[in-house]
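Listed below, chain by chain, are the residues.
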Amino acid sequence: MSFILALDQGTTSSRAIVFDHAGAIRGASQQEFAQQFPRAGWVEHDPREIWLTQLAVARDALAQVGLAAADLAGIGITNQRETVVLWDRSTGEPVYNAIVWQDRRTAAFCDELKRAGHEDLIRQKAGLVIDAYFSASKLRWILDHVPGVRERASRGKLAFGTIDSWLLWNLTGGSLHATDPSNASRTMLFNLETGSWDDDLLRLLDVPREVLPEVRSSSEVYGATHRDLFGKEVPIAGIAGDQQSALFGQNCFSRGLAKNTYGTGCFLLMNIGERPMASRHRLLTTVAWRRQGRTDYALEGSVFIGGAVVQWLRDGLGIIKNSTEIEALAESVPDSGGVYLVPAFAGLGAPHWDQYARGTITGLTRGTTAGHIARAALEGIAFQVADVLEVMKQDSGIELNELRVDGGASANNLLMQFQADLLGVPVVRPKVVETTALGAAYLAGLAVGFWKDLAEVHAAWQADRTFAPQRSADEVAYRRGRWREALKRAGDWEERVGDEAGQSLH
């Protein structure tokens, strides 16, 4: 049994990766699935399509390298977080489509919770801000809007889960209904201090306890796959939400280690150790993972627009034909020529929290070229990340020694170098940048003894390149000052006309 299979269920595709003991990729498969937009601001997936694509890529990844179930020591699961499925316990059939983390239909209901003064309660217990992003209001919507569902739920006939629970249920032929604390902590129903579902939050959100999964650790043998799926039972031994899994995959096992994933947006997580702490800057406090009786926590900050600004340069402005061209275009000029691009296309996330901000380009002159705009776009990603990490340090009291990076845009050397310059600490890119799947593999492998301990896991992790800071502190201070001026011009731009996409639950 020489391999671990990681199932990486994402927002737009299902992926499966086979890892060997050295943490190297031996086989991989990916399949996209349909995105459904029933109304403005609504985003849904077909849960059955999620399951069938995940099963298909798992089988395909094994077939690519001629492996069978007998070659696997275990399976790890990582998943898009906050997305909600509710299904029938006897038939396994979903009662409604999966409501995706991006969905905003419950924004008006979340505003009602805020007006009713519940923000402090949810922050103290769950470590979260009240937002339609999280799972609880989506589950509440299904309970209230699908005929007969609330009554069936209260009789224990239905099961709720984030995508990890849905996959676990199907992988085990309906015999296991469980989740891990990293996913549970994204629901707005989980108490960070007690490590369990919270009665006060369940009452507030009007969610019956009968639908909830059992919360188990992130690294343990939960059960085995049904024999019919792969021809032999395989232990399922690791579960973590995608960003927490990437933190683990980046070997951020100690307090103060941090990673940033450069995807469509950017997700920054810092390990803050065994005690949760409240953020003064509205960062999220979340469970990183639980293993061997110990829970590690993390601070998390999200940048809404990261790599998506490169897609906009390609699809909106047409100044590049392919996203990979951005680095060469940005390098065609020595600097941004005084141009600053604030990519607030969907408002600004942490630490600014300005949903009325909009994208802005400042400093344009007749001498501005496409190269300057491209460079300003990449720098805009790095400036946003630096803003989040600055308040993370203030909240945690921890000085950052290095930032570990992954995700598609981490391949951009110019961006990584500028990021190191702004932070004043090294930026480290690993050889295996599929850190989300790798984290799930590590969690599963540790539970079954494939890797004996964290030291052995750490020996498998290798850096590809380290970007050391090169700019002077004075230059960085000047550039960040100018960035703050650009932020002011982008801020509070959109008229406050209300949330037309939000649908009240009353």
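Please refer to the structure higher up on the page.
All of the points below concern the structure found in this document.

Conventions and cut-offs
Residues numbered from 1 in each chain as written. Predicted model: local features only at pLDDT ≥ 70, side-chain atom pairs only at ≥ 80, totals over all residues. Heavy atoms only, no water. Phe/Tyr/Trp six-rings, centres within 6.5 Å; stacked < 30°, edge-to-face > 60°. Helix = DSSP H or I, 4+ residues; strand = E, 2+ residues; numbered from the N terminus. Buried < 20%, exposed > 50% of the residue type's maximum accessible area, 1.4 Å probe, protein only. Pairing = 2+ DSSP bridges. Axes fitted to C-alpha atoms, helices over the stretch in contact; angles between N-to-C directions. Core = buried A, V, L, I, M, F, W, Y, C linked by side-chain atoms within 4.5 Å. Contact = heavy atoms within 4.5 Å.

Right, let's talk about the packing of aromatic side chains for a bit. Under the defined criterion, the tally for this structure stands at 16 aromatic pairs. Ring geometry for F383 versus W483: centroids 4.9 Å apart, planes at 10°, classification stacked. On the criterion of sequence distance, the pair formed by F383 in helix α13 (residues 370-396) and W483 in helix α17 (residues 473-490) is long-range, its members being 100 residues apart. Judged by relative accessible area, F383 falls into the buried class, the value being 1%. A ring pair is formed by Y442 and W451, whose centres lie 5.1 Å apart and whose planes are at 75°; its orientation type is edge-to-face. Here Y442 falls in the buried class, since its relative accessible area comes to 0%. Classification of W451 by relative accessible area gives buried; the value is 0%.

The strand order across the open sheet built from six strands is β3-β2-β1-β5-β14-β13, with neighbouring strands paired in mixed fashion. Of all strands in the sheet, those bounded by a partner on one side alone are β3 (25-32) and β13 (219-224). Across the sheet, the axes of successive neighbouring strands diverge by a mean angle of 25°, strand direction being ignored. One ladder, built from five bridges, connects strand β5 (residues 72-79) with strand β14 (residues 235-241); its direction is parallel.

Take the nonpolar core next. In terms of nonpolar packing, the biggest core is built from 134 residues, with L86, I142, L205, V207, Y262 and L403 touching the most fellow members. Top contributing element to this core by residue count: α13, with 14 residues. Residue contacts for L403: discarding those within four places in its chain leaves A258, K259, N260, Y262, V385, L389, Q419, L423, V425, P426, V427 and V428. Membership of the second largest hydrophobic core comes to 36 residues, among which are L168, L176, L229 and V234.

Along helix α11 (residues 308-317), the residues classified as buried are A308, V309, V310 and L313. Buried residues belonging to α11 abut α12 (326-330), β19 (340-342) and α13. Following α11 by one or two positions, G318 has its phi on the positive side, about 70°.

Geometric descriptors of this kind do not, in isolation, establish any biological role.
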